[in-house]
Structures are given as structure tokens and as C-alpha cells.
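Residue-level structural notes
Residues per chain are reported as follows:
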Amino acid sequence: MYRDHRFAQRRMSDALDEALTPRQQARFARHVADCPECGPLLRSLIRLRGVLRSIATPSVPPEHSVVPGVLQRLRDEPGPGSAPARGSP
Amino acid sequence: MGDADEAPTVTPVPASEDADLVARAKQGDRLAFEDLVRRYADRLHAVVLRLVDDRHDAEEATQEAFLRAWRSIDRFKGDSQFFTWLYRIGVNEAHRLTGRRAARPAVSLDEQDVPPADPALGPDARAQHDDLRAALESAIRALDHDYRAPLVLRDVEGLSTAQAAAIMGLGEAAFKSRLHRARLAVRDAVRDHLPQEPRA
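Just so you know, the residues in each chain are numbered from 1, in the order the chain's sequence is written. Whichever chain is written first is A, and whichever ligand is written first is 1; the rest continue in order. Thresholds applied to this predicted model are a pLDDT of at least 70 for local features of residues and 80 or more for the giving and counting of side-chain atom pairs; totals over whole chains, interfaces and linings are not thresholded and use all residues.

Re the overall build of chain A
Using the following cut-off: Helix and strand assignments follow DSSP, with helices taken as H or I runs no shorter than four residues and strands as E runs no shorter than two, numbered in order from the N terminus. Contact between two residues is assigned whenever their backbone-derived C-beta positions fall within 7 Å.
Scanning chain A from N- to C-terminus turns up five helices and zero strands. Shown N-terminal to C-terminal, the secondary structure of chain A runs as helices and strands in the order α-α-α-α-α. Pairs at least 24 apart in sequence give 50% of the contacts found in chain A among residues at least 6 apart.

Some thoughts on the interface of chain B and chain A
Heads up, the rule is: All residues other than Ala, Val, Leu, Ile, Met, Phe, Trp, Tyr, Cys, Pro, Asp, Glu, Lys and Arg, Gly among them, are scored as polar; the first ten of these are nonpolar and the last four charged.
On the chain A side, the residues contacting the 54 residues of chain B number 45 residues. Elements supplying a minimum of two residues to the side of chain B that touches chain A: helix H2 (30-52), helix H3 (55-72), helix H4 (82-100), helix H5 (123-142), helix H6 (145-156) and helix H8 (172-190) of chain B. Per-element accounting of the side of chain B that touches chain A gives the leading share, 10 residues, to H3 of chain B. Of the residues in the side of chain B that touches chain A, the class split is 21 nonpolar, 12 polar and 21 charged.

Details of the packing of H6 of chain B against helix H7 (residues 161-168) of chain B
All names here are of chain B. The criterion, for reference: Orientation is described by axes fitted as lines to C-alpha atoms, over the contacting stretch for helices, and by angles from 0 to 180 degrees between their N-to-C directions. By definition, any crossing whose near helix is turned counterclockwise from its far helix by less than a right angle is left-handed, and any crossing with a clockwise turn is right-handed.
Look at H6 against H7: their axes get within 9 Å of each other, and the N-to-C directions meet at 145 degrees. Viewed along their axes, H6 and H7 form a crossing whose handedness is right-handed. Contacts between H6 and H7 pair Ala-149, Pro-150, Leu-153 and Arg-154 from the former with Thr-161, Ala-164, Ile-167 and Met-168 from the latter.

What about the environment of His-129 of chain B?
Residue and element names in this part refer to chain B. Put simply, the rule is: Labels follow a simple rule on C-beta atoms placed from the backbone: if 20 or more others lie within 10 Å of a residue's own, it is buried; if 12 or fewer, it is exposed; otherwise it is partly exposed.
The residue His-129 is located in helix H5 in this model. According to the C-beta neighbour criterion, His-129 is partly exposed, with 19 such atoms within 10 Å. In this structure the C-alpha to C-alpha distance between His-129 and Leu-143, which are 14 residues apart in sequence, comes to 21 Å.

Put into C-alpha cells, the structure is as follows:
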């Protein structure tokens, strides 16, 4: 039981993201169904993710678009090869 | 249980269409790069705004990210999707700005930055929604950049784990660890505002 509990706690986010193998998922589901700590935690994380998605910025109306400002800055720039991109892979 | 990790909700345009524009931009075709700006500037701005909390800073970081991308696009190798590369530059730019302005008090997002409660909701439900939204925004702002960016990219913007990890420049295991800690921290901060679990 304790090993299953540790396993479930460690893989909680993977379960949320459906990134467990079928065997792991079965083990996880068995534990969560009975555990008074892991079951509510999983369900609260599912609800949390639902509300996080709901605050994503909707499509931007033209009057709030940043595109014109970016294009304006670009028009003053020389072409490619003039400076490094910070963080480029 | 949730969206499958293999099915990202964000695939702005087919990668092949980006590839054509990127190839032309590499040859110095400014109009091709401007099409990429039109595709991604507002979406990148939305991400950056959640990382810097200030509309002016977010616009500056977005502009700077595109300028850096334009200057160095001839060295973009195409190992990743263009928007992943661009977002990485933008997230790093946001990080740089927040570090530079850490001493300045955070400015709240404008009302227009977050969607209002569904007008079909009753007054009590609307009030609950607004409380939850305020608690969420506050909890996200309280996260360090290293935890905030994974949460914003994965759970708010809906990128896949692979895409978001690539943007952060992290391996998937390290990314997932940060994401999990961020989720737990935000869940702890807003637990009293989350919709209640239905009673059995």
C-alpha cells in the first residue's frame, strides 16, 4: 500500500496528462480509488486544470493586437544575420 | 482524465506552411517574416503577459523577441517548429525583463486580459467565478519564473509537454517535475475557491 501511495504521488501529474503506460495507469487507478489522500488530490488537480484553461486569453480584437507595433519595429531593422537570438536552440 | 499529451491543443498552423515562410525569411524576404508576425505575435504576447504581469513590458518583450528572431533567422536550423523557437526567445525575454524590474511592484492585469464570467451564470456563480479567477491570477503571479512558465505554457495555453519543455529548454522529466510543483502550489493557494467535489 505504501509503495503504491508513493508511486501515485510521484506520477500524479503524469496521470493527469495521460502519460502513464496502461499497466501504470491500472496500478494508479486501483490506488486512487481507495486512497483518501490521492483521490481528492487528483480530482482537485483535474478541476484546477479545467479552470486554468478557462483563463487562457481569447482571440484578440484588432484594436488590442500587438501586430502593428511589432511590424513597425521590424521596418527599422536590417536583415537577418545582424545579431544573435538569446535562447535560440 | 484530461487531454492526451500526444494531442496538443495548440498547433497554430501546419508546420509546413511555417517552413515555407521561414525558408523565404532566411533569404531576407521581409514580407514572409511579417506573415509569421501576423500568425504568432498576439499569441506570444498572451503568454508573455502572464509571465510579466504588465501590458507595456509584455508588448516590449514581444517586439524584442521578434526582432531577435528576425536578426538570427538565418541560423534557425529547423530542428524544432518555428513557433517553439520563437516562444523560447519570448519566454527568455520575459525572464530578462522581470529580473530587471524585480524591484518594481507588479501591476495587475487589466480587466480585458481575462475573460469575464459567463453572463448566463447567476449572480452567486458569477461572484464565485470572479473570486476563483482573482485567486488563480494571484497564485500564478506568486510563482517563480521557473515554475510559472511551465504552468502557463502547459495548463493555460494548452501546449503539449514536449512543446512546452522545448520552449523552456528542459528535458521532459525536469519539465514535468517543475510543472507538478507549480500545480500543487497553485492548487494549495486556490483550493478554497475550486468548485466543490460532488458528494457521493
